[in-house]
Amino acid sequence: MPEITLIQAIRETMREEMRRDESIILLGEDVGNRGGVFLATDGFVEEFGEDRVIDTPLAESLICGVALGAAVNGMRPIAEVQFADFVWPAINQLVGEASKVRYGTNGTKTAPMTIRIPYGGEVRGGLYHSQSIEVLFSHTPGLTVVAPSTPFDAKGLLASAIRANDPVIVLEHKRTYRLVKGYVPSDDYTLPLGRAEIKRPGKDMTVVSYGLILHYVLQAAEIAAAEGIDIEVVDLRTLRPIDAATIVESVSKTGKALIVQEDTPAVSISSEVAAIIAEQCFFDLDGPVMRLGPPEIPAMPFSPLQEAAFMPSPEKMLIAIRKLATL
Amino acid sequence: MPEITLIQAIRETMREEMRRDESIILLGEDVGNRGGVFLATDGFVEEFGEDRVIDTPLAESLICGVALGAAVNGMRPIAEVQFADFVWPAINQLVGEASKVRYGTNGTKTAPMTIRIPYGGEVRGGLYHSQSIEVLFSHTPGLTVVAPSTPFDAKGLLASAIRANDPVIVLEHKRTYRLVKGYVPSDDYTLPLGRAEIKRPGKDMTVVSYGLILHYVLQAAEIAAAEGIDIEVVDLRTLRPIDAATIVESVSKTGKALIVQEDTPAVSISSEVAAIIAEQCFFDLDGPVMRLGPPEIPAMPFSPLQEAAFMPSPEKMLIAIRKLATL
Amino acid sequence: MPASKHSPSDDSAQLADQRLVALYRTMVLSRYLDDRVWMLNRQGKAAIAASAQGHEAAQVACVEATDPSKDHYLIYYRQATAMMALGATPEEMLRGFLAKEGEPMSGARQFPYHGAHPRVDMFNFSNVIATQMPQAAGVALSDKLRGLDAVTIVSFGDGAASQGDAHESMNFAGIQKLPIIFFCENNRYAISVPIDKQMAIDRVASRAAGYGFPGVSVDGTNIQEVYAVTKVAIDRARNGDGPTLIEANVERLLPHTTDDDHTRYRSAEDIEYISQRDPVKITSAFLLSKGLLTEAEDEAIHSDAKKQVNVATATVENEPFAGVEAILENVTERTEPTR
Amino acid sequence: MPASKHSPSDDSAQLADQRLVALYRTMVLSRYLDDRVWMLNRQGKAAIAASAQGHEAAQVACVEATDPSKDHYLIYYRQATAMMALGATPEEMLRGFLAKEGEPMSGARQFPYHGAHPRVDMFNFSNVIATQMPQAAGVALSDKLRGLDAVTIVSFGDGAASQGDAHESMNFAGIQKLPIIFFCENNRYAISVPIDKQMAIDRVASRAAGYGFPGVSVDGTNIQEVYAVTKVAIDRARNGDGPTLIEANVERLLPHTTDDDHTRYRSAEDIEYISQRDPVKITSAFLLSKGLLTEAEDEAIHSDAKKQVNVATATVENEPFAGVEAILENVTERTEPTR
Ligand SMILES: Cc1ncc(C[n+]2csc(CCOP(=O)(O)OP(=O)(O)O)c2C)c(N)n1
Ligand SMILES: Cc1ncc(C[n+]2csc(CCOP(=O)(O)OP(=O)(O)O)c2C)c(N)n1
Ligand SMILES: [Mg+2]
Ligand SMILES: [Mg+2]
C-alpha cells in the first residue's frame, strides 16, 4: 500500500463516506467544478452531482447555517470553510447556534454536521491565510474539535466526525496537506473522538502538541535523543474534549512537560494543557511546566523572514527542551 | 459622596468623556431614545443629539464595522453590543479586523474604539442572555479586554478604554450593574490597562477571579477567615493582557492558588492563570493549582434551580478552599 | 418582481367561514394567555415575556395556510399565537414562562418559546435575531434534495431584516428556488428603533426583487388577506416555484417585553393609533358584521378562553421548577468528561 | 429606483481627451506590471498574485472621478490598477509581491495590496471579503458628522455582494444618506463560482432599490461610461444626496490568482469570449479610432511601460526581504508583555 498525503486521506475518506451514506452532502465555496481550493473535493461533483456537492455563494454564515438546518432536518452535511481566517462570519451559527442545538432542545433536535476548516501557516499566507482559530471552538461545550496530524489520523477522525450525531469541527493544517505522507489502510475504520495518542514513547520529558508542529516536535525529539534526552510526544488529536487522562499519565511518568503550539499562547490550548498538568500532576512534577509558541502578535506575517521568526521551529524547541532537562 | 451602582458609574463616565471629547460618538441598538436596554445611555440623545448617539439597525457586524471605520477616520466611537450573546455576528469585525489594524498597516492606521459588552448571568437570562464571551477576545493579540468588578474600577477602566488608541473590549457583568455599589470619586481619573488588583490581602491562599464572581469570592473569604484560612483575593480586572506579575507575586507568597470563574473552564481565563502559575511559581507552590467553574455545558440554563446549579457560589468555593487548605 | 399589494382572486385562497371563527378563537385564547403571563411577570413569577398582542391575526392566518403534518416552522420569540395555532397548549406555554418541570420545548433550559416542540416541527434554537433564516434555508434545501413535499416557514421581525443572515438566506433561497416562505412580521419597531432608522425604503417586501422571487406586503390585521397571500406562496413553494417574502404589517400593542417601557420612545398619538389596529377587535367586528358570530358567541369565546387560562394557571403554578437532574445531559451524544 | 443603464448626458461628466490618454497609460503600465508579477510567481519569487487584468478601465475611470486629496478608498485585492492610478509606483507594488524591506502598505506583513498607503487614504485591512464595506460606512459617517467634504469609495467583487456585510452596510448607508460609492467590479465569478450560483437576478445594481438609493450598471470596459456614472455618483455624494451603487461589468482575464487554473471551471468559449473584452485592447482601439493616439504613440506607451517595469524589477529584486526587527511592534500602542 503506497503512502498518501493528508489531503488525499481527507478526499478519499469523504468519498467513501459519501458512497456509503446518501444523506451526506457537501457545501462550500468552490467545492464543485473547482474541486475546492485545496482540491479536497476534486472529482466529487462529477461523481455525486450538483445536488450533493453544492457551490454556495460567498457567505460563511450562510454555509454553516444551511448546514445546520439540513443537519437538523435529517441530512449529514459536510461544510467546507475555505480558510480558517474566513470562519469568523460563521461563528454565530457554529458557536452561538450549532453547539446548543441538542442542549437547547433537551435532545429533541440534533445537528450531525461536520465543518472542515483548513488552518495554520508556514504557507506564505500572511496575516489572513495563516491563522490558528482553535481556541473558541475548543472552549465551547457542545462542539467537538479534532486536529489530525497524520493521514492515518485524518481518515479515522474525519470518518468519526461525519458519523457523529453532533457538530464536529475538523481542523486541517494546510501545510500538512501535501507535506505529510503516511500509510492509510483502505478498509473502513474510525478513531475515537477525545483521545490523544503517544506518537513517541519516552521517559525523561513529555512534549504535548498537535497539527503541523507535532512533526517538528518529533524532529526535535530525535535530536534530543542523540543528546540523551528521551522525549515522550503526546499528539492531542482532539482539542475538545482534551484527553486529560493521557496527558496526566504521561507527565506523571516523565515528571516534566513542555507544550508547543503554532497558535499564540495567551488563553489557548497550551494554557489548558498546562492547567490540567498543574491541577493533576502536582505531586509528580520535577520542574515547571513550560510552554512554547509564537510571539503575541496578531498573526503570522507575510515576509519569509518574519514567517520563520513566528514559527516554533525544532531549534527553538531544543532550547526549551535542554533548559527543562536541566531544571 | 454617595455610593453609586456600577451602571451609574458607566453612564457618568461616558457622559464625562463625551463632554470632554467631541470625537466620541455612541453607536448601538436602542442607545437613543430608549437610553440603552440597561439605561447606560439614559439621557444621552437629549444631551448630545442624534449625531453623536446613533441608533443603528439590528446588525452587530455593522455596528462594530462602522465603529472601526469611524475610529480609523479620526473619531473615538463607543459601540454597545446589547448583550454578549449577540456579539458573535461582530467577531469578524472585532477579532478578524479591528485587532489587526495597527499591526496590519504597520502603524499607519489605528483604531481607537471602545466596545462595551454586557455579559454574564444570574439574571434569569437562560442560554442566550447569560453567556460569558471573554475567551476569544482575551486570546487575540491587538485587543485589550477589561472586566471591572466595582463602580470605581468601571469608571477608571472605561475612561482608559475610551482614551486608548487601540480597540478595547469592556466586559460589564449585567448582574453587577445594579447589585454592586461603591464610592466613585467625581474627579477625572483613569486606571492602567493590564493591571490586576489585590482586593483583599491574605497569606494562606490566593484566589483569582474577576467580574461578578469576585464578590462571591470576597464573601467566601470572610467565611474562610472565620475558619482560620486567610485568603488573598486577586481581581484580574484586565483579561488581556493578564497581569502575570501580580498573580505570581501573590501565589509565590501564599503557595496555594484557586481560580474561580463563571465561564466554563476548558480553554479559558482560568486555564491561562493556572498556566502562568504552573510556569512561574513551581518552586513556591505548596499544593496543586485548583480551578472552580460551572459544569461544561453550553450556557446557563433558565430554570432558577438550574441557574443556581450552574453558578459557582460561595458555598462551592468554600468546599474547594477547605480542601486546598488541607493539601 | 416589485412588491405587490395582493388582491385575493384565487378561490382556493378563501377561508371557510367556520375556520374563520376557529382562528378567532385561537387569537382570543392567545390574548388571554398573554395578559396572564404579563400579570405573572408583574407578580414576580415569570422572568420575562415577549407579547404577541397585535400579531395574532397574521400568525393564525399564516399557520392556517400550511400543513403542520409535514411543514417546518422556524419561529421567533413573538409567536405565541402561531405556537398555539400549531397545537401548543396553555399549560405548555405557561411551563415555559414559569420554568416548570415538563416544559416541552427545552426542559426549561431556555427562555419561553425557545427549543423545539415535540409534536410539530416547530423550533427556535436561540434568541439571536435572524439566525433561524439560514437554518430555514438548510431545512428547505434538504427537503428539496430528497424530493419531499414540505414547505419551510421562517418568521422574523422587521428588525431581523437588517441582519446579514436575512440577506444571505434570501439570496440562497432564490438561487436554489427553495420551498420556503420568509414571513416578516413588521411591527415598525425593533425594540425602540423605528422603521425609518432600520431601512430607507417603505416596504421590507420590496427586498425580494433583489433575490429574484416575489415579495408581498399585506395588512397583518386582516386574517383573510394574510391567509390568501400565504396560501398562494405555499402553493408556489410546493409546486417547486421557489420562495416568497411576505410582509405582514402589524402593530406591537405592548412594549417590547415585560422589561420595556415603550412610552420612552413612542408618542402618545402612536400608542393611541395602534390600539385602533388591534386584530382581535378588528376580527371580532368583522365576524359580527358578517353574521359569522353573535355577540353571545363572542362572549362565550372570551369566557371560555379565560377559563382555559385560569385552569392552566392553577395547574402550572403549583408545579415544581424544572430541576437539575438533567443539567449535564444532552450536551453531546457521548458523555462529556466532567471536572 | 430601479437599476438604470446610464447614458452620459451631463457635460461635466465627460473626460477630456488628454486625460483619456493618461488613463490609458496607467492601464498599460498596470498590465505590464501584472504580467511581470505573474512571471515572478512562476519563477518562485512571488508567493501569490491576484490580477487586475480585465478590470483596468473600470478602475482608472473610477479613480479619475474622485479627489485623492480628500477622498477615501477602501480597496480590495484585485485593484492594482486603481492603486497605481492613485500613485502607487511599480517599485512599491513589487515590494509588496516580493515581501521586500520598505514595502509601504504593511511592512510586508500582509499579502500584496493589503494594509494602508502612506500618501493617499487608500487601505484594505484584511483579505476577508466584504469586511471593508461596513468600515467604509463608518469612514463616510464620520466625515458626514464632521461636515467634511470627502467621499468614500469602497470597491468589491460580485462575490462580496453575497456577504451579510454588503447588505448591512448598504442598508445603513441608505438610512444615513452617507457620502459613499459602492463600487462593484462584477467579473461574473467568485473564484470558480459563476454569477448564477451567486444570485438569482441579473444585475447586482438592482439591489440598491432595496436600500433606497440609485444603482447603475455599466460596461466596465468603457472608460468614458464608467467615468460618467462615477462622476454623477460622486457629485451626488458630495451634495449630501447619499450613496450610489455602481456595478462595473468587467471580465477577469486570468485565473483567480496564480494558485488557480480557470480551465477547470470556465469553458473554452467563455475564455475566448472574455479575451474580446480586454479593456486595454478596447481602449487602445477607441483612442486610435478617435485619433487621440497614433500607432507610434501607442507603441511608445507600451515600451515605456515595459521599461518602467523592467527598471522596477531590477531595483526591487535585489532588495532584502522585509526583516524581523519590527515584528513585535505595532500590536498596540503600549508595549505588549512578551513571554
Ligand atoms: C443578534 C441580536 N441582536 C440583538 C438582540 C436583542 N433584541 C432582541 S429583540 C430585538 C428587536 C427585534 O426587533 P424585530 O426583529 O422587529 O422583532 P419584534 O420584536 O419587533 O417582533 C433586539 C434588538 C438579539 N436578540 N439578537
Ligand atoms: C470571507 C471570505 N471568504 C472566502 C474568501 C476566499 N476568497 C478570496 S477571493 C474569493 C472570491 C471573491 O470573488 P469576488 O468578490 O467576485 O471578487 P473577484 O476575485 O472576482 O474580483 C474568495 C471566495 C475570503 N477571502 N473571504
Ligand atoms: Mg419589529
Ligand atoms: Mg468576481
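Q: Sorry if this is basic, but what is going on with the overall build of chain A here?
A: The secondary structure content of chain A amounts to 13 helices and 14 strands. Its C-alpha atoms give chain A a radius of gyration of 20 Å, near enough to 20 Å, the size a compact globule of 327 residues would have. In chain A, which comprises 327 residues, the proportion classed as buried is 76%. By sequence separation, contacts in chain A at least 24 residues apart represent 83% of the contacts at least 6 residues apart. Of the roughly 8300 Å² that chain A leaves accessible, carbon and sulfur atoms contribute 51%. For chain A, the distance from the average site of its 30 positive side-chain charges to the average site of its 43 negative ones is 1 Å.

Q: What is the right way to look at the packing of aromatic side chains in this model?
A: Each aromatic ring pair is characterised by the separation of its centres together with the angle its planes make. Residue and element names in this part refer to chain D. Throughout the structure, instances matching the rule amount to 26 aromatic pairs over all chains. Ring geometry for Phe-97 and Tyr-113: centres 5.3 Å apart, planes at 80°, overall edge-to-face. On the criterion of sequence distance, the pair formed by Phe-97 in helix H4 (residues 90–98) and Tyr-113 in the loop between H4 and strand S3 (115–116) is long-range, its members being 16 residues apart. Exposure remark for Phe-97: the relative accessible area of 3% places this residue in the buried category.

Q: In this structure, what is going on with the coordination of the magnesium ion (ligand 3)? I would like to understand it.
A: Perfect tetrahedral coordination of a metal by four donors corresponds to 109.5 degrees between them, and perfect octahedral coordination by six donors corresponds to 90 or 180 degrees. Residues and elements named next belong to chain C. Around the magnesium ion (ligand 3), the protein supplies Asp-158 (OD), Asn-187 (OD1) and Tyr-189 (O) as donor atoms, at distances of 2.0 to 2.1 Å. Mapped onto the sequence, the donors of the magnesium ion (ligand 3) take the spacing D-x28-N-x1-Y. For Tyr-189, a relative accessible area of 11% gives the class buried.

Q: Explain the relation of the copies chain B and chain A to me, please; I cannot follow it from the model alone.
A: To go from the first copy of the chain to the second, apply a rotation about an axis and then a shift along the same axis. Expressed as a screw operation, the relation of chain B to chain A combines 0.0 Å of axial shift with a rotation of 180°, fitting to an RMSD of 0.0 Å. Expressed as a symmetry operation, the mapping of one chain copy onto the other fits a two-fold axis. When the interface residues of chain B are mapped onto chain A, 98% of them again fall at the interface, so both copies present the same face.

Q: Would you take a moment to explain a nonpolar patch on the surface for this structure?
A: Together, Leu-305 of chain A together with Phe-321 and Val-324 of chain D make up an exposed nonpolar region whose accessible area comes to about 220 Å². Assignment of secondary structure puts Val-324 of chain D in the segment after helix H10 (295–317). Residue classification places Val-324 of chain D among the partly exposed positions, given a relative accessible area of 33%.

Q: Hey, could you run me through the domain arrangement of chain A in this one?
A: A common measure of how large an interface is: the accessible area buried when the components associate. Residue and element names in this part refer to chain A. When its domains are assigned, chain A resolves into domain 1 (3–183) and domain 2 (197–326). Placing a centre on the C-alpha atoms of domain 1 and another on those of domain 2 gives a separation of 26 Å. Taken residue by residue, the interface counts 36 residues in domain 1 and 26 residues in domain 2. Carbon and sulfur atoms supply 55% of the area that domain 1 and domain 2 bury against each other, a total of about 2400 Å² over both sides.

Q: Explain unusual backbone geometry here, please?
A: Trans peptide bonds make up most of the peptide bonds, and negative phi angles are found at most residues other than glycine. A cis amide bond links Arg-240 of chain A with the next residue in sequence, Pro-241 of chain A, at an omega value of -5°. Looking at the secondary structure, you find Pro-241 of chain A in the loop between strand S12 (238–240) and helix H10 (244–254). One non-glycine residue, Ala-108 of chain C, lies in positive phi territory at about 60°. Residue placement: Ala-108 of chain C occurs in the loop between helix H4 (90–98) and strand S3 (115–116).

Q: When you look at the environment of Cys-62 of chain C in this model, what are you seeing that I'm missing?
A: Relative to the helices and strands, Cys-62 of chain C is located in helix H2 (residues 56–64). Those residues in contact with Cys-62 of chain C that lie beyond four places of it in its chain are Ile-153, Phe-183, Val-226 and Thr-230 of chain C.

Q: Explain the pattern of salt bridges here, please?
A: It is possible for side chains of opposite charge to pair when their charged atoms get near one another. Under the definition given, this model contains 93 salt bridges over all chains. Across the pair Arg-34 of chain A and Asp-260 of chain D runs a salt bridge, and its minimum N-O distance is 2.7 Å. With one member in each of two chains, Arg-34 of chain A in the loop between strand S2 (24–28) and helix H2 (44–48) and Asp-260 of chain D in the loop between strand S10 (244–249) and helix H8 (268–275) form a pair that bridges those chains. In this pair, the class of Arg-34 of chain A matches that of Asp-260 of chain D, namely buried.

Q: I'm lost on the packing of helix H9 (residues 212–226) of chain A against helix H13 (residues 314–326) of chain A in this one. Help?
A: What describes two packed helices is the angle between their axes and the distance between those same axes. Residue and element names in this part refer to chain A. H13 packs onto H9 with a crossing angle of 55° between their chain directions and a minimal axis gap of 9 Å. Taken as axis vectors, H9 and H13 run oblique relative to one another. The chirality of how H9 crosses H13 is right-handed. Here Ile-213, Tyr-216, Val-217, Gln-219, Ala-220, Ile-223 and Ala-224 of H9 come into contact with H13, specifically with Pro-314, Met-317, Leu-318 and Ile-321. Taken together, the residues that form the contact of H9 with H13 break down as 10 nonpolar, one polar and no charged.

Q: Would you take a moment to explain the site of ligand 2 for this structure?
A: Inspection of the region around ligand 2 gives 21 residues, with Glu-60 of chain A together with Tyr-76, Tyr-77, Arg-78 and Gly-159 of chain D positioned closest. Ligand 2 sits at the junction of chains A and D, each of which supplies nearby residues. Between Tyr-76 of chain D and ligand 2, the recorded distance is 2.8 Å, taken from a side-chain N or O atom to an oxygen atom. Within the side chain of Asn-187 of chain D, one N or O atom sits 2.9 Å away from an oxygen atom of ligand 2. Here ligand 2 loses 97% of its free accessible area of 580 Å² to cover by the protein chains. Grouping the amino acids of the shell around ligand 2 by side-chain chemistry returns 10 nonpolar, seven polar and four charged.

The rules behind the values
Residues numbered from 1 in each chain as written. Chains lettered and ligands numbered in written order. Predicted model: local features only at pLDDT ≥ 70, side-chain atom pairs only at ≥ 80, totals over all residues. Heavy atoms only, no water. Helix = DSSP H or I, 4+ residues; strand = E, 2+ residues; numbered from the N terminus. Rg over C-alpha atoms; globule rule 2.2 N^0.38 Å. Buried < 20%, exposed > 50% of the residue type's maximum accessible area, 1.4 Å probe, protein only. Contact = heavy atoms within 4.5 Å. Areas by Shrake-Rupley, 256 points an atom, 1.4 Å probe, with all protein chains shown as cover. Lys, Arg positive; Asp, Glu negative; His and termini not counted. Charge placed at Lys NZ, Arg CZ, Asp CG, Glu CD. Phe/Tyr/Trp six-rings, centres within 6.5 Å; stacked < 30°, edge-to-face > 60°. Donors = N, O, S within 2.8 Å, 3.2 Å for Na, K, Ca; no water. Least-squares fit on C-alpha atoms with pLDDT ≥ 70 in both. Patch = residues over 30% accessible without salt bridge, like charges linked within 9 Å, V, L, I, M, F, W, Y side chains within 5 Å. Salt bridge = Lys/Arg side-chain N within 4 Å of Asp/Glu carboxyl O. Domains from an automatic or database assignment. Buried area = accessible area lost by both parts, 1.4 Å probe. Axes fitted to C-alpha atoms, helices over the stretch in contact; angles between N-to-C directions. Parallel < 35°, antiparallel > 145°, perpendicular 65-115°, else oblique. Left-handed = near helix turned anticlockwise from the far one by under 90°. Nonpolar A, V, L, I, M, F, W, Y, C, P; charged D, E, K, R; others polar. Near = heavy atom within 4 Å. Polar contact = N/O pair within 3.5 Å; in protein donor to acceptor, adjacent residues only side chain to side chain.

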